[in-house]
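Examination of the molecular architecture
Residue strings, one per chain:
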Amino acid sequence: MGIIDRACRNHAILYSAAIILRLVIFTFPSVADTFLQRVEFSTPVTSYKRLTEGVYLYDSNVPPYDGGLFHQAPLLLSIFSFLTSIPNYYTIPLLYSLIDIVTAHTLYRIKQTKPPPTPLSTPSSDNDSNVNNVKEENNLTLEPHVVAALYLFNPFTVLSCISRSSIIFSNLSIVMAILCSQRGRQSMSMVWIAFATYLGLYPAMLVVPLVLMQPSSKSMGMVTTFIISVIGLLGISRWLVGSWDFIKATYGVILFLSDLTPNTGMFWYFFIEIFDQFRSFFMVVFQFHAFIFVAPLCIKLRHQPLFTITALCGIMSVFKSYPAVGDTALFLGLLPLHDELFKYFRYGFLVTNIYLYSSVLAPIFWHLWLYAGSGNANFFYAITLVYNLGSVLLLIDMIFSVLRRDYDIENPNAIGKHVVQK
Amino acid sequence: MLGSWIRAKLAARRSSSQYNAERKEKIIRFVKRFTVPLSILLFFVGIAWIFLLPYQDFNKKTYISENALLPGQVNVYFGYNDIRTAEEYRYQLTEHERQESETRATFILNEFRSLGFDSALQHFNTSDGIGVNAFAVYRAPRSDGKESLILSAPWESRTGEYNTNGIAILLSLAKLFKRNVYWSKDIILLVTDKGMAGTQSWVDAYHGTGQPNYSFLVMPRSGAIQGVVNLDFPGTQDYESLGIFFEGVNGQLPNLDLINTIVTVCTRTARVPLTLHDDTSHPYSDQPWGPYVQSLLHMIRTMQYQALGHPSSDAGLYLRYKIDAVTVHGIRGNNLHALFGFHKIGILLESTFRSLNNLLEHFHQSFFFYLLLRPNRYVSIGDYMPPIILFASLYYVEPSTDKKSEKEVSSIHATSSSRNVASALTVMIMTHLSGFMIFYIMQTRSLVGYTGNDSELLVVQFALSCCIALITVIGTIFSHYRQHQPATDGTTKMVTTLNGRTLKSFCLAFSGLVISTISLLNFSLAVVTAVLIVLPYTLMRSSTSLWARIFQWIILTILSPPGLAALTIFITQLPLAHLLSFLMEDYQVVGSWLLLYISVAYWPVNMAMQVLVFI
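Residue indices begin from 1 for each chain and proceed along its sequence in written order. Each chain is given a letter, starting from A, and each ligand a number, starting from 1, according to the order in which they appear as written. Where local features are concerned, this predicted model is filtered to residues with pLDDT of at least 70; where side-chain atom pairs are given and counted, the filter is 80 or more; whole-chain, interface and lining totals use all residues. Values reported for side chains reflect all heavy atoms of the structure, with hydrogen atoms and water molecules removed beforehand.

Residues and elements named next belong to chain B. Being paired, for any two strands, means DSSP has found at least two bridges between them. Every helix listed is a DSSP run of H or I at least four residues long, and every strand listed is a run of E at least two residues long, numbered separately from the N terminus. Alignment of strand β2 (residues 118-126) against strand β3 (residues 129-138), held across 9 bridges, turns out to be antiparallel. Residue pairing in the sheet places Ser 119 in a bridge with Ala 136 of β3. Turn length for the β2-β3 hairpin, with the two strands adjacent in sequence and antiparallel, is 2 residues.

Glancing now at a nonpolar patch on the surface. Residue and element names in this part refer to chain B. Note on patches: the residues involved have over 30% relative accessible area and no salt bridge, like charges join within 9 Å, and the nonpolar side chains Val, Leu, Ile, Met, Phe, Trp and Tyr join within 5 Å. Each accessible area value is a Shrake-Rupley result obtained with a 1.4 Å probe; residue values ignore everything except the protein chains displayed when judging cover. We define a salt bridge as a side-chain nitrogen of Lys or Arg found within 4 Å of a carboxyl oxygen belonging to Asp or Glu. A cluster of nonpolar side chains, namely Leu 546, Trp 547, Ile 550, Trp 553, Ile 554, Ile 558, Leu 567, Phe 570 and Ile 571, defines an oily patch on the protein surface of about 1000 Å² accessible area. Looking at which element gives the most residues to the nonpolar patch, the answer is helix α15 (residues 546-559), with 6 residues. Its location among the elements puts Leu 567 in helix α16 (residues 561-572). A relative accessible area of 42% places Leu 567 in the partly exposed class. Accessible area is worked out with a 1.4 Å probe on protein chains only. A residue is then buried under 20% of its type maximum, exposed over 50%, and partly exposed in between.

Here the focus is the environment of B:Val397. All names here are of chain B. Mapped onto the fold, Val 397 is located in helix α11 (residues 381-443). Given the relative accessible area of 13%, Val 397 is considered buried. For the pair formed by Val 397 and Phe 58, sequence separation is 339 residues and the distance between their alpha carbons is 28 Å. Excluding anything up to four places from it in sequence, Val 397 contacts Val 31, Thr 35 and Leu 38. Note on contacts: a residue pair is in contact if any heavy atoms of the two residues lie within 4.5 Å.

So, about the sheet that holds β2(B). Either a parallel or an antiparallel arrangement is found when strands of a sheet pair, and the pairing is made through backbone hydrogen bonds. All names here are of chain B. Taken in spatial order, the 8 strands of this open sheet run β2-β3-β5-β4-β6-β9-β7-β8, and their pairing is mixed. Sheet topology places β2 and β8 (274-276) at the edges, where each strand pairs with a single neighbour. If you compare each strand with its neighbour and ignore which way they point, the axes differ by 25° on average. Bridging between strand β4 (residues 147-154) and strand β5 (residues 186-192) involves 7 bridges; their strand directions are parallel. Note on β5: the bridge partner recorded for Ala 153 is Val 191. Angular values range over 0 to 180 degrees, each being the angle between N-to-C directions of two axes fitted as lines to C-alpha atoms, with helices fitted over their stretch in contact.

The next thing to look at is the packing of aromatic side chains. Each aromatic ring pair is characterised by the separation of its centres together with the angle its planes make. The aromatic pairing rule takes the rings of Phe, Tyr and Trp, using the six-membered ring of Trp, and pairs them if the centres are within 6.5 Å, calling planes under 30 degrees apart stacked, those over 60 edge-to-face and the rest tilted. Counted by the stated rule, this structure contains 54 aromatic pairs over all chains. Consider the rings of A:Phe267 and A:Phe271, whose centres lie 5.9 Å apart with planes at 35°: the pair is tilted. Residue A:Phe267 and its partner A:Phe271 are located together in helix α15 (residues 267-273), separated by 4 residues, close to a single helical turn. No difference in accessibility class separates A:Phe267 from A:Phe271, as the two residues are buried. Taken together, the ring pairs connect A:Phe267, A:Phe270, A:Phe271, A:Phe281, A:Phe282 and A:Phe286 into an aromatic cluster. Just above the ring of B:Tyr182 sits the side chain of B:Arg354; from NZ or CZ to the centre is 3.7 Å. Geometrically, a charge over a ring is one whose NZ (Lys) or CZ (Arg) sits within 6 Å of the ring centre while staying within 35 degrees of the ring normal.

Take the side chain of B:Asp324 next. Residue and element names in this part refer to chain B. For Asp 324, the location among the structural elements is in the loop between α9 (290-308) and β9 (325-331). Within this scheme the basic residues Lys and Arg register as positive and the acidic residues Asp and Glu register as negative, but His and the chain ends are omitted. Despite its burial, Asp 324 pairs with no opposite charge, the nearest such side chain being Lys 322 at 9.7 Å. Each polar contact in these results corresponds to two N or O atoms within 3.5 Å; when the atoms are within protein, one needs to be able to donate a hydrogen and the other to accept it, and residues that are neighboring in sequence are counted only if both atoms are side-chain atoms. Polar side-chain contacts of Asp 324 include one of 2.8 Å to the backbone nitrogen of Asn 255. Each residue touching Asp 324, except ones within four places of it in the same chain, is listed here: Gln 226, Gly 227, Val 228, Pro 254, Asn 255, Leu 258, Leu 319, His 362, Phe 363 and Phe 368.

This brings us to the UniProt feature "transmembrane region" (unreviewed entry) in chain B. Residue and element names in this part refer to chain B. UniProt positions are given in the numbering used here, feature names are shortened, and annotations may be inferred rather than shown by experiment. On the UniProt side, "transmembrane region" (unreviewed entry) is annotated at positions that read residues 34-55, 421-441, 462-481, 508-538, 550-574 and 594-614 here. When the span residues 421-441 is considered, its composition is 100% helix and 0% strand, and the gap between its end C-alpha atoms is 30 Å. The span residues 594-614 shows a helical share of 95% and a strand share of 0%, and its end C-alpha atoms are spaced 29 Å apart.

This part takes up the pattern of salt bridges. Residues and elements named next belong to chain B. Tallied over the entire structure, the rule returns 19 salt bridges over all chains. For the salt bridge of Arg 98 with Glu 97, the shortest nitrogen-to-oxygen distance reads 3.9 Å. Looking at Arg 98, the relative accessible area reads 61%, which means it is exposed. Here Glu 156 ties to Arg 104 by a salt bridge, and the two come within 3.3 Å at their closest N and O atoms. Of this pair, Glu 156 sits in the loop between β4 and α6 (164-179) while Arg 104 sits in helix α5 (residues 101-115); the two residues are 52 residues apart in sequence, bridging distant segments of the chain. By relative accessible area, which is 31% here, Glu 156 ends up partly exposed. Classification of Arg 104 as buried rests on a relative accessible area of 4%. A cluster of three or more residues bridged by salt bridges with shared partners is formed by Arg 104, Glu 156 and Asp 193.

Moving on, we get to the layout of surface pockets. Residue and element names in this part refer to chain B. Its volume calculated, the second largest pocket comes out at about 1400 Å³. In the cavity and pocket records, a cavity denotes points on a 1 Å grid over the protein atoms alone where a 1.4 Å probe fits but cannot get out, a pocket denotes an open set with protein on both sides within 12 Å along at least 5 of 7 lines, and lining residues are residues with an atom within 4 Å of a point. Lining of the second largest pocket is provided by 40 residues; of these, Ala 307, Leu 308, Val 528, Leu 532 and Thr 568 occupy positions nearest its centre. The set of elements that each furnish at least two residues to the lining of the second largest pocket consists of α3 (35-52), α9, α11, α14 (523-539), α16, α17 (576-590) and α18 (594-613). Source of the domain bounds: an automatic or database domain assignment. When residues of the lining of the second largest pocket are assigned to domains, at least three map to each of domain 2 (67-380) and domain 3 (385-398 + 413-613). Grid points are joined across faces, edges and corners, and a volume is the space filled by probe spheres set on the points.

Next up on the list: the confidence of the model for chain A. A residue's pLDDT is simply how confident the predictor is in it, with values from 0 to 100. Here chain A shows a mean pLDDT of 88. Residues at 70 or above account for 93%. This model gives residues 124-137 of chain A a pLDDT under 50, and the stretch forms 14 contacts once residues within four places in sequence are excluded.

Our next topic: unusual backbone geometry. Even without a glycine there, the phi angle at A:Leu201 is positive, about 70°. Assignment of secondary structure puts A:Leu201 in the loop between α11 (186-200) and α12 (207-212). One non-glycine residue, B:Lys322, lies in positive phi territory at about 65°. Relative to the helices and strands, B:Lys322 resides in the loop between α9 and β9.

As structure tokens, then:
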């Protein structure tokens, strides 16, 4: 393990290993194309296949948003219109791999610049077990390079990159926004989060914790910057595609779920089954549900905005209308930033197994539903529920851990003891 | 009343939560102490469960689930004239069937054309020459061409004889079908050549997915195929009973309603003795356990087909395309009274097709996951899954308790334990990579720098795969020794044993994952895997004693694919090349996943376990 450890420390080796791994998988076009079409990785609003179709329409001067097929932001359209004109197969794979590397490096910087967590104070009556606890805490901290490696070599990240899902751009923007905010560059942070919002709408909820990261005097200015950036991006888009149609085709689809292609989320099956007269009501309930968590989390954990962002990313990956594995990859990438909580985690084994089982069973159930014909849509939906249950358990565990740790900081005597709230 | 009771219970539980934590600890300690006996007990409970399934009280009677089918409720018109027609065709076929593929297919084509069907030939390449399928599409007067049924018959029967009666009855029925106007689905009549390769290439061509030869662009087609009955009536004599073959590729099964329809028609309309597969023996029929033994034998036969992923008949190939299909096979036993011939076969098929014609939508009502014990008894998925869940959960007894013990240690050796996880993970990744390499080597049709005939090439490929597996195991073992000894000179032993336990947890957790997930695709394969590996892998320990190591290594080698191949060769006396070509043919022609499963899921765990023994 020594070799691997040393290799991880060296950025060049770590990052080139990650790039090589991705490019090697990309050299098998059949594998890359399989993942390109998997519903777990590419949703209607992030699919690369749809992006290329949109680019083709855009290049042929056909309005890309008219056909009801393309639901991605106009800026992506113009960027990819340029990129696909480069006649080399490896342009796009290299771009996606590099974005993953940049994201990983940003995570590395976030971990580096993250203020050290409040240490657990040893209680007055110190005995062996508590000494051990403190020692363990020192032992269990993760080095920044491990955080980067955990993101880069997470199978979810790798496969999401291989699928060329455009979720990678919003992941990058979110991570960049966090870094900028942590280093005190408020306006840059807001521009990044505005870009993420522009791409996927849901990251708008991260504005609140990002504002909480800064002194309260800056709040108004930051929110204004955010709004101006979003309006600016929309204006550029209007200028690029020449009409406001894209608003309905992108944010309209995200909000009103007009495309019911299966994905890893909860929405599609529910809104296939629901009677039309209840549809609008439940649509409001579901979308409101996704955003409502901002309030309690930001109130309760206002002193730990980074943790709140992580939790909100987890919530987004479960409750947004078109989630994909890429969202969970970001969530799992942000998780190691909070290594001080790891010893409080109770469901690690369970969550690992849920993720493992659901990622094996999802393609199997998909096969049984669509190819073997011996299953049906319930099979696949059931496994997405299990997968989301895994994410939710992890979220519960995280929030329990952070609350318990806060409690332990306030009450050093309770460390290692069973606490019941009555 | 009830509310207050529940509230009281909840309050009691809440107040005793401290106590519960202690009890949980106690349970874990208990499980940890009795891991081995518990594993063995659970294993045998699972096995006993499987053996209970054929017992009359643990399975159910089949029933028609799709009401639209109305099996056996029509008047049949297959009469004396049709029997005469079939007999004439039989006479002609005995002359033509020995001819070359092209000539005999042309004969069928001409017959179809003279009956007025839209018909064609399909040429395809196989390893032994060009084959020719002949087929015709009957455009039913009341159909819109969106749905169709298939009546098919291969030239050669599964018994090795010519399928003379089968093709004769097919042609005679074609004439009958043409005569009547009540068909609401098109009927495709298909005579296939060269066994499974012919059926496979026809289905591929029909759906436009086969090898790119452009004849399939213009072949006559109808709509989506709703049901297939494949005829296998060898020779020219009469039959004692009718056998049903239903197992498809990778253990897939047709909807139970299709089988139910045929069974109902057989018992009500045609009155033909019925059995599963080609089994006509009635062991211990004078004993009370006779039915049990027969059901058990049928179940084992089905599981054998499923586990190998090999379709039991040509009909099994349609299942991959979401088409329900069965083969009806005429069995000629020793019993010479009460034989049946063209009349009953004709009635049976006509009535069955009339039922299939009634289908309003694709077969979906009845079961897709079942075990058939006799033509009218089945076990559904809810009853046969528990043993597999038991086998898989048995693998979690150890990892989960191991993890607890690790937690105790982790306060002292936190970093070393996380290192152990990483190194165990590396071992698993290495063995899986070599598994993928083995798969790649086995499935290529030509190896660089080697030219030889097919079977020799296969043996070389297999030998190469074994070498790769061996190198992986040895390489992994040595790389770990090299890493651990200098790093921890005082506590070498401790670090390695911990490593072994983590690795074992990984192996077991992965096997549990494989068994429980594969059981959804192919129950029998999961059972076979579980029976092979559950006990040995649970009982394996990394040990320092030389004899224990050698003993465990021998067991693992027997369980590894080369060992199993050697065992099979020893039992069946087949040459290795034959065995391998069977496997490869299944992979290439039929599209079976057994090769992939062995090389990517089964073998890597075996390699990792071998590493474990020597660590």
